[in-house]
Amino acid sequence: MSNTVEISLEAVLDTVNMERAWAGVKANAGSGGVDGKGIAETEAHLKCHWPVIREKLLRGDYRPAAVRAVDIAKPGGGTRRLGIPTVQDRLIQQALHQVLSAAFDGDMSEHSWGFRPGRSAHDAVTAARGYVADGKEWVADIDLARFFDQVNHDRLMHLLGQRISDKRIMTLIGRYLRAPMDEGDGRHIRRSRGTPQGGPLSPLLANLYLDVLDRELEQRGLSFVRYADDIAVFVASERAAERVLERLTRWLHTHLDLDVNATKSGARRTEESALLGFRIHPGGQVSPAPKAIERFKDRVRELWDARQSLTSEQLREQWQRYVTGWWNYFGYANWRREVHALSGWVRRHMRKCFWLRWHDRHGRFNALRRLGVRGRALGVAGCRRGAWFMARHIVVNQALKTATLNRHGFTLPWTLAG
């Protein structure tokens, strides 16, 4: 990427672009930044002060606020640090993102799939399946150590400077990169590296930074997919995978000042690896990766914890939101036996939850009778065995049979799909 594009700050601040950016920020919602202003408060502020803010931006006098540090749990353990800009700064970043993305996206690598318009994680996995189906059944998995925290500002600004002619845009991006991190205890940590996740610009800047890697891999004639900082290179043998991993580790350190996480990277058979939550088997079949299944099971246990103070309707809505989103993503898999094998286990958790929510012998007796249990079978209401055992009891299964659970909306989408 070396051709300069004519992008002006006036185009970024154009009314139509700003209105579209504001719609995007409102749709993403999210919490406020260090100024404590949410969407509504920021909207009221901008109605009064936007002309002054815009003039400051055009003069080059605008100074972004600090970003609010937020640590979130990572699915595989540990935490990831986000930097949450104020809503006002998210608006300006979104406006920048829209103009820069439109200018740069067409020149990016066809092997880059993350955070780009019209591209998705499923597209990346589809490309990978094609490589595996062609016999490239080994993969060099490259995990970049704390990538979003380690991006070299000087290198990134140099890459941007090759493409952006408006120095005011360059100055503004530089200020966003250097905006201090507010730790919440009065400390403001100055930053000389990184493009923290949490702002609209971060994914685009990450793609621009790693486009250099994409071009290097293309020049070497390698088959690969990259989704943000997830990089998988597909080859035909273990030795080739080891060689690729070794050489790219050196290249990344030398040319992009990035280190590879040795504990998470490796040369593996594709069915022993995972790409974006999926495992790709020889021939190109795809199943959810074991860690994805384990995370699903952990979430099922949380959602069907009887100690939640939710109504049955709220339980249903909470479950449907989660499982529908999960299946919209993992339903891409064409090898689903691990998912189907969980059906009975998930329903057992549902039954366990309801058994506990019926509280005591009297509550269970009435609930079972409402569900059609009659005669001596109602005596099970007084059983003192544990809830997990009772969730498999024939009478509880008769009362809360699959058809009953489905009728009340406690469904499993993969069973409904057939």
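Residues numbered from 1 in each chain as written. Predicted model: local features only at pLDDT ≥ 70, side-chain atom pairs only at ≥ 80, totals over all residues. Heavy atoms only, no water.

As recorded in an unreviewed UniProt entry, the protein chain goes by the name RNA-directed DNA polymerase, listed as coming from Thiocapsa rosea. Word for word, the UniProt comment on the protein chain under Catalytic activity (unreviewed entry) is "DNA(n) + a 2'-deoxyribonucleoside 5'-triphosphate = DNA(n+1) + diphosphate". (UniProt positions renumbered as here; feature names shortened; annotations may be inferred.)

### Structural notes on helix α14 (residues 343-357)
Taking 1.5 Å per residue as the helical rise, α14 with its 15 residues ought to reach 21 Å, and the 21 Å between its terminal C-alpha atoms agrees with that figure. Across the 15 residues of α14, twelve count as buried, placing the element largely inside the fold. Every buried residue belonging to α14 is among S343, W345, V346, R347, R348, H349, M350, R351, C353, F354, W355 and R357, and all of these are buried. Where α14 terminates, the next one or two residues include H359, which has phi positive at roughly 75 degrees. (Helix = DSSP H or I, 4+ residues; strand = E, 2+ residues; numbered from the N terminus. Expected span 1.5 Å × (residues − 1). Buried < 20%, exposed > 50% of the residue type's maximum accessible area, 1.4 Å probe, protein only.)

### Considerations on the pairing of strand β3 (residues 138-143)
With five of six residues buried, β3 lies mostly within the body of the structure. One ladder, built from six bridges, connects β3 with strand β7 (residues 230-235); its direction is antiparallel. The residue bridging W138 from the neighbouring strand is V235, located in β7. Of the strand pairs in this sheet, β3 and strand β8 (residues 266-269) are connected by four bridges, and their pairing is antiparallel. Note on β8: the bridge partner recorded for D141 is G266. (Pairing = 2+ DSSP bridges.)

### So, helix α5 (residues 121-133)
Think of an α-helix as turning once every 3.6 residues; residues three or four places apart then point the same way. Given a rise of 1.5 Å per residue, 13 residues ought to cover 18 Å, and the 18 Å separating the end C-alpha atoms of α5 matches this to within 8%. Inspection of α5 places A121, A124, V125, A127, A128, Y131 and V132 among the buried residues, and these make up the whole buried set. Down the axis of α5, the sector holding all buried residues measures 160 degrees, keeping them to one side. Contact partners of the buried residues in α5: β6 (223-227), β7, β9 (278-280), β10 (286-288) and α12 (312-330). Its side-chain oxygen at 3.3 Å from the backbone nitrogen of H122, S120 defines the N-terminal cap of α5. (Arc of directions from axis to C-beta. Contact = heavy atoms within 4.5 Å. Polar contact = N/O pair within 3.5 Å; in protein donor to acceptor, adjacent residues only side chain to side chain.)

### A look at the sheet that holds strand β4 (residues 181-182)
Taken in spatial order, the four strands line up as β2-β1-β4-β5 in an open sheet, and their pairing is mixed. A strand with exactly one partner marks an edge of an open sheet, and here the two such strands are β2 (79-84) and β5 (188-189). Relative to β2, strand β1 (residues 67-73) runs antiparallel, the two sharing six bridges. When the sheet's bridge partners are listed, A69 is paired in β2 with G83.

### What to know about unusual backbone geometry
With glycine set apart, most residues show a phi of negative sign, and most peptide bonds adopt trans. A positive phi angle is found at F115, which is not glycine, with a value near 55 degrees. Here F115 shows up in the loop between α4 (87-104) and α5. Non-glycine residue A228 carries a positive phi angle of around 55 degrees.

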